[in-house]
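Residues per chain are reported as follows:
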Amino acid sequence: MHAIQQQYWAVRDYLSPVLKESKFKEHGRITPEEFVAAGDFLAYKFGVWTWEKGDASKARDYLPADKQYLLTRGVACLRRATSLAYTDADEDAERLLSFGDLSSTGNEADEWVETHAGRVANHDSAANPGEIDEIPDVDDPAGTVSGAMGNLSLSGANGGIGEIPDMDDIPDMEEEGLEAGDDEATATAPKTTASSSNVIDGSKVEVAKGNLLQVRTYDVMITYDKYYQTPRIWLIGYDENRTPLTPSQIFQDISADHAFKTVTIEAFPHSASLQAASVHPCKHASVMKKVIERMNATVIEEQQAQRKASASGVASPKEKQKKWLFRRTSGNGKEDKTQAPTSPGAEDDIEGMRVDFYLVVFLKFIASIVPTIEVDSTTAF
Amino acid sequence: MPIVQFTPLSSLVQPAFWHALTDLKIDVLRLSDDAVPVSGSYSIGRSVKDRETGVEIALGCNLVVGGESFAQNAQSPAHAVPATGVFKNYNTIEEFKAADKTALFNAVTDDIWRSITVDRSTAQLTRFLLITFADLKKYKYYYWFAFPAFAAKPAWEIDGGWGPASDVYGESFLSGIHAALSIAPRAFFLVKPSKNGSPPEIAPVEEYDTFFADVPPEERTVAFLDPSAAPTNPGWPLRNLLVYLAVHHPASQHRILCWRDSEGAVHGGASRSLVGVLRGPSSKLEEKPAAVGWEKNVQGKLGPRVADLAPMMDPTRLADQAV
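Residues numbered from 1 in each chain as written. Chains lettered and ligands numbered in written order. Predicted model: local features only at pLDDT ≥ 70, side-chain atom pairs only at ≥ 80, totals over all residues. Heavy atoms only, no water.

(A) Examining the overall build of chain B more closely. A count of helices and strands for chain B gives 10 helices and 16 strands. In chain B, which comprises 323 residues, the share counted as buried stands at 55%. Of all intrachain contacts in chain B linking residues separated by at least 6 positions in sequence, the fraction that spans at least 24 positions is 74%. Carbon and sulfur atoms make up 52% of the accessible area of chain B, which totals about 13,200 Å². (Helix = DSSP H or I, 4+ residues; strand = E, 2+ residues; numbered from the N terminus. Buried < 20%, exposed > 50% of the residue type's maximum accessible area, 1.4 Å probe, protein only. Contact = heavy atoms within 4.5 Å. Areas by Shrake-Rupley, 256 points an atom, 1.4 Å probe, with all protein chains shown as cover.)

(B) Structural context of the overall build of chain A. A count of helices and strands for chain A gives nine helices and nine strands. The 381 residues of chain A split such that 46% are buried. Looking at chain A alone, contacts between residues at least 24 apart form 66% of all its contacts between residues at least 6 apart. Accessible area of chain A: about 18,100 Å², with a carbon and sulfur share of 53%.

(C) Region of the structure containing the sheet that holds strand β9 (residues 157-164) of chain B. Residues and elements named next belong to chain B. Reading across from one edge, β9-β14-β13-β12-β10-β11 is the order of the six strands in this open sheet, with mixed pairing throughout. In this open sheet, the two edge strands, each paired with only one partner strand, are β9 and β11 (201-203). Mean inter-strand twist for the sheet, computed between neighbouring axes without regard to direction, equals 25°. Across four bridges, the pairing between strand β10 (residues 188-192) and strand β12 (residues 221-225) is antiparallel. (Pairing = 2+ DSSP bridges. Axes fitted to C-alpha atoms, helices over the stretch in contact; angles between N-to-C directions.)

(D) Local environment of unusual backbone geometry. All names here are of chain B. Residue Pro154 follows Lys153 across a cis peptide bond; omega there is -10°. Here Pro154 lies in the loop between β8 (140-150) and β9. Its identity is not glycine, yet Arg120 carries a phi of approximately 50°, on the positive side. The topology assignment puts Arg120 in the loop between α3 (101-117) and β7 (128-135).

(E) Representation of the packing of aromatic side chains in the model. All names here are of chain B. Applying the stated criterion across every chain, the model contains 25 aromatic pairs over all chains. Between Tyr169 and Phe173, the aromatic rings sit 4.5 Å apart at their centres with planes inclined by 5°, giving stacked as the arrangement. Taken as a pair, Tyr169 and Phe173 share a single burial class, namely buried. Joined through ring pairs, the aromatic side chains of Phe17, Trp18, Phe70, Phe87, Phe128, Tyr141, Tyr143, Phe145 and Phe147 make up one cluster. (Phe/Tyr/Trp six-rings, centres within 6.5 Å; stacked < 30°, edge-to-face > 60°.)

(F) Structural detail: the confidence of the model for chain A. Residues and elements named next belong to chain A. For chain A, per-residue confidence averages 67 on the pLDDT scale, and residues scoring 70 or more make up 54% of the total. Predicted confidence is poor over residues 100-106, with pLDDT under 50, and the contacts of this stretch with residues over four places away or in other chains come to 13 contacts. Here residues 117-169 is modelled with pLDDT under 50, and outside its nearest four sequence neighbours on either side it reaches 78 contacts, counting other chains as well. (pLDDT = per-residue confidence, 0-100.)

(G) Quick peek at the sheet that holds strand β9 (residues 275-279) of chain A. Residue and element names in this part refer to chain A. The sheet built from six strands is open, its strands ordered β1-β2-β6-β7-β9-β8 with antiparallel pairing. Of all the strands in the sheet, just β1 (50-52) and β8 (263-267) have a single pairing partner and so form its edges. With strand direction ignored, the average angle separating the axes of adjacent strands in the sheet is 40°. Pairing geometry for strand β6 (residues 216-225) and strand β7 (residues 230-238), over nine bridges, is antiparallel. Within β7, the residue paired with Tyr218 across the bridge is Gly237. Lying over the sheet, helix α9 (residues 358-369) contacts β2 (69-77), β6, β7, β8 and β9, oriented at roughly 50° with respect to β7.

(H) Structural detail: the pattern of salt bridges. In the structure shown here, the tally under the stated rule is 15 salt bridges over all chains. Residue Asp111 of chain B is joined to Arg114 of chain B by a salt bridge in which the shortest nitrogen-to-oxygen separation is 3.4 Å. Of this pair, Asp111 of chain B and Arg114 of chain B both sit in helix α3, separated by three residues, roughly a single helical turn. Look at Asp111 of chain B and you get partly exposed, because its relative accessible area is 24%. Judged by its relative accessible area of 44%, Arg114 of chain B falls in the partly exposed class. Among the charged side chains, a network of salt bridges with common partners joins Arg80, Arg216 and Asp253 of chain A. (Salt bridge = Lys/Arg side-chain N within 4 Å of Asp/Glu carboxyl O.)

(I) Quick look at α9 of chain A. Its 12 residues give α9 of chain A an end-to-end C-alpha distance of 17 Å, which sits within 8% of 16 Å, the value for a rise of 1.5 Å per residue. Every buried residue of α9 of chain A is listed here: Tyr358, Leu359, Val360, Val361, Phe362, Leu363, Lys364, Phe365, Ile366 and Ile369 of chain A. (Expected span 1.5 Å × (residues − 1).)

(J) Looking closely at the side chain of Ser41 of chain B. Residues and elements named next belong to chain B. Looking at where Ser41 falls in the secondary structure, it is placed in strand β2 (residues 36-43). Accessibility expressed as a relative area gives 8% for Ser41, which makes it buried. Apart from the residues within four sequence positions on either side, Ser41 is in contact with Asn62, Leu63, Val64, Ser76, Pro77, Ala80, Val81, Pro82 and Ala83.

(K) A nonpolar patch on the surface, seen in detail. On the surface, a nonpolar cluster with roughly 380 Å² of combined accessible area is contributed by Val11, Tyr14 and Leu15 of chain A. Of note, Val11 of chain A is situated in helix α1 (residues 2-15). (Patch = residues over 30% accessible without salt bridge, like charges linked within 9 Å, V, L, I, M, F, W, Y side chains within 5 Å.)

(L) How the structure looks around the packing of α3 of chain B against helix α7 (residues 237-248) of chain B. Residues and elements named next belong to chain B. One way to put it is that α3 packs onto α7 with a least axis distance of 10 Å and a crossing angle of 40°. When the axes of α3 and α7 are compared, the pair comes out oblique. The handedness of the crossing between α3 and α7 is right-handed. Residues Ile112, Trp113, Ile116 and Thr117 of α3 pack against Asn240, Val243, Tyr244, Val247 and His248 of α7. (Parallel < 35°, antiparallel > 145°, perpendicular 65-115°, else oblique. Left-handed = near helix turned anticlockwise from the far one by under 90°.)

Here is the structure:
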């Protein structure tokens, strides 16, 4: 059934026309050209993102051959989203975040709510040692991990979902004689937290506050979905031993509102065989539209204020930090990204948010779906 | 003085690598178990700040192999440096178990030693070995990496511990290195301050004699791209670099720069790179030293690892996940 569905999607994707007209402010969708422009901006501004070619046979002709999708590797995920399960008691922990400079705009609508500010993960605090067997242990194969998912149990027809490879299957071939003795110059992960510095090793389980960490890493890809005309996010995860994560393990890192609903495992479109977890893009456009509307209003306001300021000859000190936001769009946005902005006094300068900013906003939206995966490296802005 | 301890490399195998291996096994290798060249890459060790506790957490010291690892002249990803290796796939689990691992390991260390002494090259210093058995029907892959490193006798010692690079070098010096490396990443390089205060000069380690000809020994700096983010342990590639220095440029001490400043650190301000003065054998190294470097498994013992990709590759299991 799933295979048929995927075939159907492939055909639908093939038949749907390429979006030609820019409409990202009206309904949150973007054209392939705008995707490339926004991707260029993201890769330029944040070096962790790079363009990838992907499998040549799967290349999409509406995108440049060497800019098929965006990739960042090794994104850290320190905790499970399931440990952030939200209760009423946590409501006080909400904190307003502003990612413009609030003093410059004076507009509180620019603020976002961070709901889990300063919250201790509820499963694994030192004060709660009874929960300690939440750690998936190698001696404990059949998913206590999935137990942590509470009532969200996966309909695993194959029984024990098999998060952890069955240790009996690993050939018993420890070879003690392979290396003569311990090498004194090999650093081993210390068992205690005696480290004087405040940098600790991720493989160490215990941290200062007694929180247990299982540092997973994710490779995150952003592709362009032709049918929905939005970017689409893909995740491939690794656990702390760098073993690939299974789908049910990946679902632990997705907020409960979205796991099993909008996140599914699908064939990655730029590879012949790879499967990855993906957030289904059917609602992306409407969410992006709302976010963009709010941000656009703020940006236009700022631009007007700034134009007045520059007209009266007062150079705003904020101008320097923010001016990349309001550079003019020159059609496809392929101009040199480092180019200085046009004079802020120009009449046609008020055009609101540039489409280049689209993916930065998109990542902030994705961060709400995968709260513990640090996809949003753009928080500095 | 404390002995320098190095963070071992750990392997990170992307699922795409196993897909590539499946294709290679079925279409090209078939029943052959000949050694095949493979390439991987490593980049600067990352650390991430835990938003709840505020501590910096060092992520692994990873060598990555991916879908393009079997390709001829594969390009390494942005900001990463390549490492080449030997790959050997066995047809049965029995052959995999019975493989003469000591001989395979020695063959790789011989390659490294030859490239150091004969070719005078640093290109093979992070050469690695990967043996696998692919159970294609069950989507299970057994694998074992070795990252051979020569063990110095006596061990290298550090004078006064590792300190932040910003204590020794100026900001413009470090940003000069960053600018040069972001154009062309180098695994190992030499740095010296330039005379007129412009950005520092950088050269390959092979040009040690000419590059440092008029530089006093205490101003010579040998640097490497450090995949470790641990505060007191440099990464594994330094071990063979030190052997290279002991063979060609014996000196009572070397100033080593562990280069750790990736893109983010520059935006954030503070430099994460470390610098330290290492003391080791001052006489020229003639004999090939013993080497270590088999990767430990999940239980921390010397043994193979297994990647079970059935949940992500098996069509029937995938169908169960579908909504």
